[in-house]
Amino acid sequence: RLRGMAPVVNQSAMAMAAAMDTLLGMGMNETTAEAVLPTLGKTATAYGADIKDMAKTAMAAIDNLKIKASDLPEAMDMIARAGKEGAFELKDMAQYLPALAAMAEVNGMRGVYVIGELGAALQITRKGAGDSAEAATNLRNVLQKLTSAQVVGKFKTLGGIDLKQQLDAQVKAGVSPLEAIIKITRDVIAKSKGQIKVSDLFTDMQMQLGMASLTAHYEEFLRIRSEMQTNSGGMVDADFARRLQTMGARMAALTNAWE
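Predicted model, so just to flag it, every value in this text is computed and none were measured.

S.K.: Would you mind showing me how to read the nonpolar core here?
M.R.: In globular proteins that are soluble, nonpolar side chains generally tend to be buried together. Of all hydrophobic cores here, the largest spans 84 residues; its most connected members are Phe155 and Leu178. Counting residues per element, this core draws most heavily on helix H6 (residues 90–106), which supplies 8 residues. Filtering out sequence-adjacent residues up to four positions away, Leu178 remains in contact with Met109, Glu117, Ala121, Leu139, Val142, Leu143, Leu214 and Phe221.

As structure tokens, this is what we get:
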């Protein structure tokens with residue numbers, strides 16, 4: 001069945017088997033794994049990503065973000081859209097999203113919408129980073145240390161606010177924890193009339209770099225997130241069809257058939 005599936009998505013049978021192995025090894029049952037493999041293969045082919053990375057991303061989305069396997073095509077479309085909005089490409093997202101999804105879950109972020117949230121945030125943190133790995137590390141530190149004792153203490157001392165209380169209030173009002181920390185930070189800086197800076201509120205270097213980008217480009221973050229959540233349907237299918245017309249894809253198909 002894997003050999004039959006492989007040419008349909010222009011992957012080798014061994015690549016499909018490796019992705020299946022990854023999914024099963026991470027705990028997905030074989031029926032679900034076989035059902036989602038075509039989507040993962042098509043996405044990997046369309047954007048030159050590693051299908052094993054796509055499998056890990058799928059597992060992170062299902063395990064950590066609690067999305068249904070049937071929602072994976074929508075999630076892949078959103079990731080594809082995010083990859084076109086800046087320097088953080090889809091193959092990078094496939095590599096780094098699993099770890100970020102785990103941190104998002106710790107902060108109570110679940111559902112397909114979180115894919116849009118993380119994808120938009122990665123494009124923004126990439127603006128202030130040397131490469132995609134650094135951008136992912138910066139965002140991971142933001143999520144990991146959102147309510148650390150140091151950060152809470154700085155907001156109390158410099159901004160005169162109870163950060164946890166304000167975050168809880170915004171989350172209850174329907175704002176994500178990530179957007180909430182951006183909004184609260186911008187508010188504290190604005191009220192200080194420039195006396196307080198991002199570097200004063202966040203002493204961890206990676207978190208500082210991530211928050212500097214997110215607060216400076218908040219409107220762009222909102223725009224990209226909106227694009228991912230409302231204007232990404234069918235993107236993988238369209239790009240996959242285009243990719244199949246390229247000489248590289250035709251050569252890959254020949255190589256896969258030979259294997």
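S.K.: I would appreciate a short explanation of the pattern of salt bridges in the present structure.
M.R.: Note that side chains of opposite charge can pair when their charged atoms are close. Using the criterion set out here, one finds 14 salt bridges in the structure. Notably, a salt bridge pairs Arg186 with Glu219, separated by 3.2 Å at the nearest N-O pair. Of the two residues, Arg186 sits in helix H11 (residues 177–191) while Glu219 sits in helix H14 (residues 218–230), which places them 33 residues apart along the sequence. Arg186 sits in the partly exposed class, given a relative accessible area of 29%.

S.K.: Got a minute to help me understand the side chain of Arg81 in this structure?
M.R.: On the secondary structure map, Arg81 appears in helix H5 (residues 72–83). In terms of polar contacts, Arg81 uses its side chain to reach the side chain of Glu85, at 3.3 Å. If sequence neighbours within four positions are ignored, Arg81 has contacts with Glu227, Met228, Asn231, Ser232 and Met235.

S.K.: Even after reading the chapter, I still don't get the packing of H6 against helix H8 (residues 132–144), so can you show me in this structure?
M.R.: Helix packing geometry: the angle between the two helix axes and the distance between the axes. Between H6 and H8, the shortest axis-to-axis distance is 9 Å and the interhelical angle comes to 10°. In terms of orientation, H6 lies roughly parallel with respect to H8. Residues Asp92, Tyr96, Ala99, Leu100, Met103 and Ala104 of H6 form the contact with H8, whose participating residues are Ser132, Ala133, Ala136, Leu139, Arg140, Leu143 and Gln144. Looking at side-chain class alone, the contact of H6 with H8 contains 9 nonpolar, 2 polar and 2 charged residues.

S.K.: Before we go on, may I ask you to explain the packing of aromatic side chains in this structure?
M.R.: Pairs of aromatic rings are described using the distance from one ring centre to the other and the angle between the two planes. Enumeration according to the criterion identifies 2 aromatic pairs in this entry. Taken together, a centroid distance of 6.2 Å and an interplanar angle of 65° make the contact between Phe88 and Tyr96 edge-to-face. Among the residues examined, Tyr96 registers a relative accessible area of 21% and is labelled partly exposed. Summarising the aromatic geometry, the rings of Phe155 and Phe202 are spaced 5.7 Å apart at their centres and angled 65° between planes, so their arrangement reads as edge-to-face. Note that Phe155 is positioned in helix H9 (residues 149–159) and Phe202 in the loop between helix H12 (198–201) and helix H13 (205–216), a separation of 47 residues in sequence. Both residues of the pair, Phe155 and Phe202, belong to the buried class.

S.K.: Which parts of the structure should I look at to understand the side chain of Asp239?
M.R.: With respect to the helices and strands, the residue Asp239 is situated in helix H15 (residues 235–244). Accessibility expressed as a relative area gives 7% for Asp239, which makes it buried. For Asp239, the side chain forms a polar contact with the side chain of Arg242, separated by 2.2 Å. Those residues within four positions of Asp239 in sequence are excluded, and the remaining contacts are Ala46, Tyr47 and Lys84.

What counts and what doesn't
Residues numbered from 1 in each chain as written. Predicted model: local features only at pLDDT ≥ 70, side-chain atom pairs only at ≥ 80, totals over all residues. Heavy atoms only, no water. Core = buried A, V, L, I, M, F, W, Y, C linked by side-chain atoms within 4.5 Å. Buried < 20%, exposed > 50% of the residue type's maximum accessible area, 1.4 Å probe, protein only. Helix = DSSP H or I, 4+ residues; strand = E, 2+ residues; numbered from the N terminus. Contact = heavy atoms within 4.5 Å. Salt bridge = Lys/Arg side-chain N within 4 Å of Asp/Glu carboxyl O. Polar contact = N/O pair within 3.5 Å; in protein donor to acceptor, adjacent residues only side chain to side chain. Axes fitted to C-alpha atoms, helices over the stretch in contact; angles between N-to-C directions. Parallel < 35°, antiparallel > 145°, perpendicular 65-115°, else oblique. Nonpolar A, V, L, I, M, F, W, Y, C, P; charged D, E, K, R; others polar. Phe/Tyr/Trp six-rings, centres within 6.5 Å; stacked < 30°, edge-to-face > 60°.

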